[in-house]
Amino acid sequence: MAGSLKKLAKAESCRLMQEKLESWSKDYEINSCDQNLNQCCELIEMTSVIQGQLFTILNETSRESGHYAGVDTIKTRLLPWLGTWFSHATSGRLFETGLFLNQDSIETERKLRQLATSQTLQLQDLQEELTSTRLELNHVQQDLAQTQLALEDTKTQLATTLLTAADEIIQLRAVLKASRAQEEDSLRRLDHLNDCEQQIERLRDELSILDAQKSVLQSRIARSRSPSPRRIRSRSPSPLPLRSCSPGRARSTNASRHAFLVARFGDIYSKDRFDAERILRTYISDMEMVQRIIYTAAVESFHAAKMAYRQFKMRVRKTLSIGHSGPESLEDTVMDYIVRHEDLYDVQASVNEVIRSMNINPKISSTPECDFAVISSFIRELCRVAFSMQTLTPPLDVAFGMDGEFFSETKYHRSVDSDYTAALVAYHVWPALMENDVVIVKGEAVTKRGALWSHRSRSRSQNRSRSVSPLLSHLSRSRSPSPQRSGSPRH
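The structure presented is a predicted model; accordingly, all values stated were derived computationally and were not measured. (Residues numbered from 1 in each chain as written. Predicted model: local features only at pLDDT ≥ 70, side-chain atom pairs only at ≥ 80, totals over all residues. Heavy atoms only, no water.)

Some words on the overall build of the protein chain
Tallying secondary structure elements over the protein chain gives 14 helices and six strands in all. Looking at the protein chain as a whole, 33% of its 491 residues are labelled buried. Restricting to contacts in the protein chain with at least 6 residues of sequence separation, those with at least 24 account for 75%. Summed over its atoms, the accessible surface of the protein chain is roughly 31,600 Å², and 57% of this surface lies on carbon and sulfur atoms. (Helix = DSSP H or I, 4+ residues; strand = E, 2+ residues; numbered from the N terminus. Buried < 20%, exposed > 50% of the residue type's maximum accessible area, 1.4 Å probe, protein only. Contact = heavy atoms within 4.5 Å. Areas by Shrake-Rupley, 256 points an atom, 1.4 Å probe, with all protein chains shown as cover.)

As for the packing of aromatic side chains
For the structure on display, the rule yields eight aromatic pairs. Ring plane angle 40 degrees and centroid distance 5.6 Å describe the contact between Phe265 and Trp430, whose orientation is recorded as tilted. Taken together, the residues Phe265 in helix α8 (residues 254–281) and Trp430 in strand β3 (residues 425–430) connect sequence positions 165 residues apart. An identical accessibility class is assigned to Phe265 and Trp430; each is buried. Ring centres 6.2 Å apart and planes at 65 degrees place the aromatic pair Phe312 and Phe387 in the edge-to-face group. With Phe312 in helix α9 (residues 287–320) and Phe387 in helix α12 (residues 376–389), this pair connects stretches of sequence that are 75 residues apart. By relative accessible area, Phe312 is classed as buried at 3%. By way of ring pairs, the aromatic residues Phe265, Tyr269, Phe302, Phe378 and Trp430 are connected into one cluster. Lying over the aromatic face of Phe274, Arg273 brings its terminal NZ or CZ to 4.4 Å of the ring centre. In this arrangement the basic side chain of Arg414 is found over the ring face of Phe407, its NZ or CZ atom lying 4.2 Å from the centre. (Phe/Tyr/Trp six-rings, centres within 6.5 Å; stacked < 30°, edge-to-face > 60°. Lys NZ or Arg CZ within 6 Å of the ring centre and 35° of its normal.)

Quick word on the sheet that holds strand β5 (residues 438–441)
One open sheet accounts for three strands, arranged β1-β4-β5; its pairing is antiparallel. Strands with a single pairing partner mark the edges of an open sheet, and in this sheet they are β1 (397–398) and β5. Alignment of β1 against strand β4 (residues 433–435), held across two bridges, turns out to be antiparallel. Residue pairing across strands places Asp397 opposite Met434, the latter belonging to β4. Strand contacts of α8: β1, β4 and β5, with the helix running at about 70 degrees to β5, the strand carrying the most contacts. (Pairing = 2+ DSSP bridges. Axes fitted to C-alpha atoms, helices over the stretch in contact; angles between N-to-C directions.)

Considering the side chain of Asn36
Positionally, Asn36 belongs in helix α3 (residues 33–64). From its side chain, Asn36 meets the backbone oxygen of Tyr28 in a polar contact 3.3 Å long. Look past the residues within four positions of Asn36 in its chain and what remains in contact with it is Trp24, Asp27, Tyr28 and Asn31. (Polar contact = N/O pair within 3.5 Å; in protein donor to acceptor, adjacent residues only side chain to side chain.)

A word on the nonpolar core
Residues Ile293, Met358, Ile375, Phe378, Ile379, Met389 and Trp430 are the most contacted members of the largest nonpolar core, which totals 52 residues. When residues of this core are traced back to their parent elements, those giving at least two are α8, α9, α10 (330–340), α11 (347–359) and α12. Phe407, Tyr412, Ala432 and Ala445 belong to the second-largest nonpolar core, a separate cluster that totals seven residues. (Core = buried A, V, L, I, M, F, W, Y, C linked by side-chain atoms within 4.5 Å.)

Looking at the sheet that holds β3
Taken in spatial order, the three strands line up as β2-β6-β3 in an open sheet, and their pairing is mixed. If you trace the sheet from one side to the other, it starts and ends with β2 (412–414) and β3, each paired once. This sheet shows a mean twist of 35 degrees between the axes of neighbouring strands, independent of strand direction. In this fold α8 packs onto β3 and β6 (443–447), with an angle of close to 100 degrees to the strand it touches most, β3. Together, β3 and β6 form the strand contacts of α9, whose direction differs from that of β3 by roughly 60 degrees.

In short, geometric facts, not functional conclusions.
Take a look at the structure:
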């Protein structure tokens, strides 16, 4: 009997029934009618199992106490209750088996209910995640739609910008075309103005000569019409014509003009020469040929300016010698006149002469792709400076240079691309400026080994068909004495 009681206590049937009852009480309003009835039946079955086990224990207890033990208790409490609800007692083993089956079913149902609850919770979590994912998807779709709209706006703006840029390009092309037409027109007008300036300079030259002749004739007429006593007095120095009167301008300004012209020669070497090189490099890729052309232009400019100065001086001397009389010598009067009227110098004729000489020079005439007129402004400035240098006392000139000569440290600087161990000059870059055979401004030359041999082979190949070497003619022409160096004026 004690073993059955311990087994009943260990089964915890009362606790399971209490949990079942509490769970039913919580889910009563949620469950359906059938579910509530089923749970009620389960509780009744559990109660009946527990009651069967208790009756078994009651029977064993009554047997142990004797034949008549506990009769009063049974009569007063058990029999009335049994008369109402039970008709007979069930075997203890059957009650025990039913109790264990009910316990298994309750435990299984509890696990199923927990599993269903966890699945419900998981389903709710999944639904919440799905809802949040749908919200994020809606946001992404909205962002995508806004991005597409912005992209369309950008495309529209770019198309508008491209159209505007195309219109501006068309307008700029039209403006450029008009500007080019205006530039061509301006160039034509400039050429016409240059021609007019040349004619004006020639007319001024002729007019000044005519004025000088007129003043001489007027002085002669005045002397011829004056009475005899005045003729005796006229043997004394008579006043000079207005244009021949000068306080010795050439002598008084010789030092300042000398310094200015030497500085200007240096500026042409350091600035204008590079501008001319840049122009020639657009037509000629060989840097040596470009430097040869510029050197030849400088030498030829001095030669043409000296020739023009001689002719101009001869015309002035011839004109002023007709009526010259006064304290100053004719040579001083001529020099003063030239210094005051340097604007009468026909520089364009000298430029044309320089270009013609360069075109027949065998050293540089092998470049038909380049017209030497592209550096006419450079040649013009050299001619002006060279002409002005002839009015100095003593005049300035450039040194004579020849390919293959010995390099002179007193005359030239070596170029950066020179071979500093070579003793011969391959070619000249810039002439040296001389005063009475004394170098006052050094030139520039390129020295290389084998320069003499390469120079001779080049000269033979270029001058094979020529009877007279252009180099010798250039030498004789450059060494011809200038009017100032001859010592006496030419009439």
